[in-house]
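Architecture at a glance
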Amino acid sequence: MKQYQLTLQAQWRPEVLERVLRVVRHRGYRVSQLHMTSTTEQICLDFSVLTERPIEALINQLDKLFDVQYVAVKA
């Protein structure tokens, strides 16, 4: 399995974290590490996923979420 580090920024809402984690799980990726910081307006997630699948598929799905402003794989 490959491990990828991702960073995601989204508008803060109580359900955003749940939506992101649900997409990750439904698409067949496994979260191995998660760090979240939030302000009154924004949420920032730094997380690692383990997978055999292409990471671009997950990025495309996360980017479609309404509140997500930015998502990328860390180099």
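These remarks concern the structure in this document. (Residues numbered from 1 in each chain as written. Predicted model: local features only at pLDDT ≥ 70, side-chain atom pairs only at ≥ 80, totals over all residues. Heavy atoms only, no water.)

Quick word on the packing of helix α1 (residues 16–26) against helix α2 (residues 55–63)
Packing of α1 against α2 leaves a shortest axis separation of 10 Å and a crossing angle of 150 degrees. At the point where α1 passes α2, the crossing takes the right-handed sense. For the pair formed by α1 and α2, the contact residues are Val-20, Val-23 and Val-24 on the first element and Leu-58, Gln-61 and Leu-62 on the second. Looking at the contact of α1 with α2 residue by residue, the class counts come to five nonpolar, one polar and no charged. (Axes fitted to C-alpha atoms, helices over the stretch in contact; angles between N-to-C directions. Helix = DSSP H or I, 4+ residues; strand = E, 2+ residues; numbered from the N terminus. Left-handed = near helix turned anticlockwise from the far one by under 90°. Contact = heavy atoms within 4.5 Å. Nonpolar A, V, L, I, M, F, W, Y, C, P; charged D, E, K, R; others polar.)

Here's the deal with α1
Among the residues of α1, those classed as buried are Val-16, Val-20, Val-23 and Val-24. Along the axis of α1, the buried positions cluster into a sector of 100 degrees, meaning they face one direction only. Away from its buried face by more than 90 degrees, α1 exposes Glu-18, Arg-25 and His-26. Summarising the contacts, the buried residues of α1 are in contact with β1 (2–11), β2 (30–38), β3 (42–51) and α2. Taken from the residues just after α1, Gly-28 is the one with a positive phi, measuring 90 degrees. (Buried < 20%, exposed > 50% of the residue type's maximum accessible area, 1.4 Å probe, protein only. Arc of directions from axis to C-beta.)

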